Amino acid sequence: MPKTEMDDTRRRRRRGAELQTVLLEAAWQELRAVGYHELTYDAVAARARTSRTVLYRRWPHRRDLVLAAMRQQVPAPPPIPDTGSLRTDLLTLLRLVSSRMIELAPVLQVIGDGRADDSDLTDYLRERVTQAGTREMDALLQRAVLRGEINHARTPARVAAAPITLVSVETLIHRRPLPETALTEIVDQIALPLLASHDRDDT
């Protein structure tokens, strides 16, 4: 069978979940290659070896396609393992936050795109960026409480979020994961002193 006929046969055989996975993988790869503003249905279709009509049928708007691709390719992070101490738990979490910011960097420009205002994509990105690591931070603080390291009731939300915000911003500015020395400084000179300052008894 000629190559073009074989390609057509493979294309026709892709259906349902398998086809959707291929389409969203192609959209994600194109997004990482050119960014949101330059992403086109034609380019995604070419990567997926299909037609733009197939894409439009499932995702009529570019933001819907990108949102679906992100949900498939950037799932929620795994739980932070219990390392036995608050300090090492914090270091583990901040490493994860930094790497996740790098994964999201190619599409963060969507937030500044007027065409995406008030869309579910904008909401999704804001949640991923502003709340990255928040649930994980709460979980590791609860573990520290059980170990007797801190009193979580005395920790304001902004104090708990401060190291995550700092790591997120610095990672995006430098466009690479923060080195271990920087993460250690944030934990030892900012996170732990902040938590300790709000954990003292009121006497």
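In the block above lies the structure referred to throughout.
What this report covers is the structure whose coordinates are included nearby. Model, not experiment: these values are computed from the prediction.

Examining helix 10 (residues 180–197)
Taking 1.5 Å of rise per residue, the 18 residues of helix 10 would be expected to cover 26 Å, and the 24 Å separating its terminal C-alpha atoms lies within 8% of that figure. Ala 182, Leu 183, Ile 186, Val 187, Ala 191 and Leu 195 are the residues of helix 10 that are buried. Check the buried side of helix 10 and you find it contacts helix 6 (86–104), helix 8 (134–147) and helix 9 (157–174).

Considering the packing of helix 2 (residues 16–34) against helix 3 (residues 41–48)
For the pair helix 2 and helix 3, interaxial distance at closest approach is 8 Å and the crossing angle is 125 degrees. One element, helix 2, and the other, helix 3, form an angle in the oblique class. Considering the relative orientation of helix 2 and helix 3, their crossing is right-handed. The segment helix 2 lies against helix 3, with Val 22, Leu 23, Ala 26, Ala 27, Gln 29, Glu 30 and Ala 33 engaging Ala 43, Val 44, Arg 47 and Ala 48.

As for helix 5 (residues 62–73)
Look at helix 5: 16 Å from first C-alpha to last across twelve residues, which is about the 16 Å you get at 1.5 Å a residue. Taken residue by residue, helix 5 has Arg 62, Leu 65, Val 66, Leu 67, Ala 68, Ala 69 and Met 70 as its buried positions.

Some remarks on the environment of Pro 156
Along the chain, Pro 156 turns up in the loop between helix 8 and helix 9. You can call Pro 156 partly exposed: its relative accessible area is 32%. Residues Pro 156 and Leu 195, 39 residues apart in the sequence, show an inter-C-alpha distance of 9.0 Å.

Comments concerning the packing of aromatic side chains
Overall, the coordinates contain one aromatic pair when judged by the stated rule. Between the aromatic rings of Tyr 41 and Tyr 56, the centroid separation amounts to 4.0 Å while the plane-to-plane angle is 5 degrees, which identifies the pairing as stacked. Taken together, the positions of Tyr 41 in helix 3 and Tyr 56 in helix 4 (residues 52–58) put the pair 15 residues apart, joining distant regions of the chain. Accessibility expressed as a relative area gives 33% for Tyr 56, which makes it partly exposed. The ring of Tyr 36 is capped by Arg 62, whose NZ or CZ atom sits 4.2 Å from the centre of that ring.

Definitions and limits used
- The numbers attached to residues start from 1 for each chain and follow its sequence in the written order.
- Per-residue local features are limited, in this predicted model, to residues with pLDDT of at least 70; the limit for side-chain atom pairs, both in listing and counting, is 80 or more; totals at the level of whole chains, interfaces and linings are taken over all residues.
- Hydrogens and water molecules were not included; the side-chain quantities draw on all heavy atoms of the structure.
- Segments assigned H or I by DSSP are reported as helices when at least four residues long, segments assigned E as strands when at least two residues long, and all are numbered from the N terminus.
- One less than the residue count of a helix, multiplied by 1.5 Å, gives the span that helix is expected to have.
- Residue burial is assigned from relative accessible area. The probe radius is 1.4 Å, only protein chains are included, and a residue is buried under 20% of its type maximum, exposed over 50%, and partly exposed in between.
- Contacts: residue pairs with any heavy atoms within 4.5 Å of one another.
- To get an axis, fit a line to the C-alpha atoms, keeping to the stretch in contact for a helix; angles then go from 0 to 180 degrees between the N-to-C directions.
- Here the angle decides the label: under 35 degrees means roughly parallel, over 145 means roughly antiparallel, 65 to 115 means roughly perpendicular, and every other value means oblique.
- Note: crossing handedness is left-handed where the near helix turns anticlockwise from the far helix by less than a right angle, and right-handed where it turns clockwise.
- The pairing test for Phe, Tyr and Trp rings, Trp by its six-membered ring, is centres within 6.5 Å, and the orientation test on the planes gives stacked under 30 degrees, edge-to-face over 60, and tilted for anything in between.
- Placement of a positive charge over a ring is assigned whenever Lys NZ or Arg CZ falls within 6 Å of the ring centre and within 35 degrees of the normal to the ring plane.

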